[in-house]
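# Analysis of the macromolecular model
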Amino acid sequence: MLTAISRYGARVLPNTEELVAGCKARGEFVEGPQIAEFEAAFARRLGVDPSCAVTAAYGRMAFYYILKALDLPAGSEIIFPALTFWVVPELARVAGLTVVFADVDPKTFTVKPDSVERLITDKTRAIIPTHLYGLPCDMDRLLEIAARHNLIVLEDCAHALGALYKGKPVGTFGTGALFSFQTLKPLNCYGGGLALVTDRQLARKVRQQIEALPWPSEKRVQDRLLMGRLQRIFIKPWVFSISLFPVLWISALIDANPDVFLWENIRSLNPLPGQYTERFPNVQAVIGLEALKHFDGWTAQAQANAQYVNHVLGDVPGIQVPYVPPGCTHVYYQYCVYGPEGPKRDDLVVRCVRRGIDIETLHVDVPPDMELFGSVKAEADGARRSAQALQIPVYCGLRRDQLERVATTVRAVLAQAAAASGGAARS
Ligand SMILES: Cc1ncc(COP(=O)(O)O)c(C=O)c1O
C-alpha cells in the first residue's frame, strides 16, 4: 500500500512515557521543581538572565501577561503583522489594546518595516515582529523605527526558537518575547508557552500574575498528554494513510476544508477560557528539559531537509523556494513555496494530495480579513498574496525516502503546472 505523508510531524522524545511515569512516581506530575529548572535552562540557552523566563499555559498567555505587566494606557495601538495566528491580536484586544495590522513581504512572509512605520500614530505603543514560519524579521529596521518612535518591541517567536538574526537568537531583541510549546511547535511540551523579558522588574510582574493562577487538575494534564499521544499516532504514515488522509483526500475532491476541525474555533476570547488561566505543569517542564537536549539536532535536520527540497525544486521555472535574507538563519517551522501563475493554489494542493502528499495551504490567518476583528486599520495586500503559498512538509521526523517522495511529487506537480502556464512566477 502506498502510504500518505502528513503535513505535520511532531518532535517526539523516545522516552516520553518514562519521563511521565517518573514524574508520577515522584509525586511531581503537576507541581514540581523542574518548572524553574526548565525556565532557567531556556533562558540560559538564549543568553538571558534565568529569572527573566516565565512559563505559562500557552504562548499566547505568556504574551498576554507581558502586555498586562507593561500596563499600557487603554486604547493604546499595537501593530501586528497582517499574517499571523488570530489568537495573538485577539488577546491584545482582551488586554484592552487597539490592534492595527501592518503588511508583510510576500517574499519573506514577515512584517514590512515601511508598512509598520506608515501606521504609527501618537497612540502607538508597541510593535510585534512575528518571526513567521521560523524566519527572523528585519530586526535592524524594526528596532530603528521603534527607537525613533519610542515603541516597545515584543517578538512573537512561536515558530522560531533556534532562529538567529545576525548571529543573535530571536526573542532577545525587544522588551519581551513569547514562545510556544504546542505539540507541533519546534519545542514540543504538549502545550504551554514562555514569556522571555529583558528586564527583571518586568519579569517579576509577569511572574506575579502567573503565580496567582491555579494549577491545572491532574486529569487536565493527563488528557493533554493523551491528546499529544493520539496526534503522534495519527501522523504516523501508515495510520495517517487509513485515517485522516482519506478525509483529506475526499475533501480535496469535494472542495471542502477539513482544516476547520484541526484548529481552535475562531471566537472572542473575552472572557478568557478557563484552561488559559492556569499554570504550566511540572511534567511538561520535564519533557521540555529533555527536548532541549535534542533541539539542535532536530533543527539541523529540518534545515537539511529544506536544503534538499530547495535543491529539487529550485530549477523549476516559475517556482519560488523560500528566500532567506543575508544574516538570517531560518529554522523551517514551515517551508513555503509559490507555485506558477495560472493554476489556483488549491488545485495544486489537490494534485499533491491525490499523489499521497498532504500539503497545507495557510498555517496562520489574515486577521484583518476576519469578521472577528471588524474594520481595523490595516495594510494587508502582501499578506493576502502570501496566503497563496504552498506549505510543504520538511519536518525533521521525515525519513530520507519520505522526503524524496515529498520533493519529487511536489516537483512533478509544480513542473507540470509551470509548463501548462508558461512558467510565470506568482509572487
Ligand atoms: C504565530 C503564532 N504566534 C503565537 C502562537 C500561540 O502559541 P500558543 O498556541 O502556545 O498560544 C501561535 C500558535 O500556533 C502562532 O502560530
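Cut-offs and rules
Residues numbered from 1 in each chain as written. Predicted model: local features only at pLDDT ≥ 70, side-chain atom pairs only at ≥ 80, totals over all residues. Helix = DSSP H or I, 4+ residues; strand = E, 2+ residues; numbered from the N terminus. Rg over C-alpha atoms; globule rule 2.2 N^0.38 Å. Contact = placed C-beta atoms within 7 Å. Buried ≥ 20, exposed ≤ 12 C-beta atoms within 10 Å, placed from the backbone. Domains from an automatic or database assignment. Nonpolar A, V, L, I, M, F, W, Y, C, P; charged D, E, K, R; others polar. Near = placed C-beta within 6 Å. Pairing = 2+ DSSP bridges. Axes fitted to C-alpha atoms, helices over the stretch in contact; angles between N-to-C directions. Parallel < 35°, antiparallel > 145°, perpendicular 65-115°, else oblique. Left-handed = near helix turned anticlockwise from the far one by under 90°. Core = buried A, V, L, I, M, F, W, Y, C linked by C-beta atoms within 7 Å. Right-handed = clockwise from strand over helix to strand, strands pointing away. Expected span 1.5 Å × (residues − 1). Arc of directions from axis to C-beta.

### Brief notes about the overall build of the chain
If you tally the helices and strands in the chain, you get 14 helices and 12 strands. For 427 residues, the compact-globule formula gives about 22 Å, and the C-alpha radius of gyration of the chain, at 21 Å, lands near that figure. Considering only C-alpha atoms, the chain reaches an extent of 60 × 55 × 40 Å along its principal axes. Counting only contacts in the chain whose residues sit at least 6 apart along the sequence, the fraction spanning at least 24 positions is 75%.

### Regarding unusual backbone geometry
Each neighbour pair has its own omega, and for Asn 270 with Pro 271 the value is 5°, a cis peptide bond. Mapped onto the secondary structure, Pro 271 falls in the loop between helix H10 (244–254) and helix H11 (282–313). The phi dihedral of Phe 109 is positive, around 70°, even though this residue is not glycine. Summarising the element assignment, Phe 109 is placed in the loop between strand S3 (98–102) and helix H5 (113–119). For Phe 109, a count of 28 C-beta atoms within 10 Å translates into the label buried. Non-glycine residue Tyr 190 carries a positive phi angle of around 65°.

### Describing the domain arrangement of the chain
Annotation of the chain at the domain level lists domain 1 (16–211) and domain 2 (233–268 + 293–421). Summarising the inter-unit geometry, the C-alpha centres of domain 1 and domain 2 are found 24 Å apart. Examining the composition of the side of domain 1 that touches domain 2, we find that four residues originate from one element, S3, more than from any other. Here the side of domain 1 that touches domain 2 is composed, by residue class, of 24 nonpolar, six polar and six charged.

### Some points on the site of the ligand
Taken together, 15 residues lie near the ligand, and Tyr 58, Gly 59, Arg 60, Ala 158 and Ser 180 sit nearest. At the level of secondary structure, the elements contributing two or more residues to the shell around the ligand comprise helix H3 (59–70) and helix H4 (87–94). For the shell around the ligand, the class distribution of residues is six nonpolar, seven polar and two charged.

### Quick notes on the sheet that holds strand S9 (residues 193–197)
Hydrogen bonds between backbone groups are what pair the strands of a sheet, and the pairing can be parallel or antiparallel. Pairing within the open sheet is mixed, and its seven strands lie in the order S1-S9-S8-S5-S4-S2-S3. Each edge of the open sheet is held by one strand with a lone partner, namely strand S1 (53–56) and S3. Geometrically, the sheet is characterised by an average inter-axis angle of 25° between neighbouring strands, direction not taken into account. By the bridge criterion, four bridges tie S1 to S9 in an arrangement that is antiparallel. Considered in S9, the bridge of Ala 53 is made with Leu 196. Against the sheet, helix H7 (residues 200–211) touches S1, strand S8 (176–180) and S9, its axis set at about 25° to S1.

### Regarding the sheet that holds strand S7 (residues 168–169)
The strand order across the open sheet built from three strands is S7-S6-S10, with neighbouring strands paired in antiparallel fashion. Bordering the open sheet on either side are S7 and strand S10 (328–329), each of which pairs with just one other strand. Bridging between strand S6 (residues 164–165) and S10 involves two bridges; their strand directions are antiparallel. Across the sheet, residue Leu 164 finds its bridge partner in S10, namely Thr 329.

### Structural notes on the environment of Arg 279
Inspection of the secondary structure assignment puts Arg 279 in the loop between H10 and H11. Put simply, Arg 279 and Leu 213 are 66 residues apart on the chain and 6.2 Å apart in space, counted from C-alpha to C-alpha. Every residue in contact with Arg 279, bar those within four places of it in the chain, is listed here: Ala 57, Ile 210, Leu 213, Trp 215 and Pro 216.

### Some details on the packing of helix H12 (residues 345–354) against helix H14 (residues 400–421)
Contact geometry of H12 with H14 gives a least axis separation of 10 Å together with a crossing angle of 140°. The angle between H12 and H14 places the two elements in the oblique class. The crossing of H12 and H14 is right-handed. Of H14, the residues touching H12 (which contributes Leu 348, Arg 351 and Cys 352) are Thr 409, Val 410, Val 413, Leu 414 and Ala 417. Residues of the contact of H12 with H14, tallied by class, amount to six nonpolar, one polar and one charged.

### Let's talk about the nonpolar core
Ala 56, Ile 66, Ala 195 and Leu 196 are the most contacted members of the largest nonpolar core, which totals 131 residues. Looking at this core, you find at least three residues from each of domain 1 (16–211) and domain 2 (233–268 + 293–421).

### Looking at the pairing of strand S2 (residues 77–81)
Of all five residues in S2, five are buried, a share of seventy percent or more. Both faces of S2 are covered, namely the face carrying Glu 77, Ile 79 and Pro 81 and the face carrying Ile 78 and Phe 80. Of the strand pairs in this sheet, S2 and S3 are connected by five bridges, and their pairing is parallel. Residue Ile 78 lies in a different strand from S3, and its bridge partner there is Val 99. Running through H4, the crossover from S2 to the neighbouring parallel element S3 is right-handed. As paired elements, S2 and strand S4 (residues 124–127) share three bridges and run parallel to each other. Bridging from a neighbouring strand, Ile 79 pairs with Ile 127 of S4.

### Remarks on H7
Between its first and last C-alpha atoms H7 spans 16 Å; for 12 residues at 1.5 Å apiece the expected length is 16 Å, and the two agree. Regarding H7, the residues found buried are Ala 203, Val 206 and Arg 207. Viewed end-on, H7 has its buried residues packed into an arc of 100°, placing them on one side of the element. Seen from the buried face of H7, the exposed residues on the opposite side, beyond 90 degrees, are Gln 201 and Gln 208.

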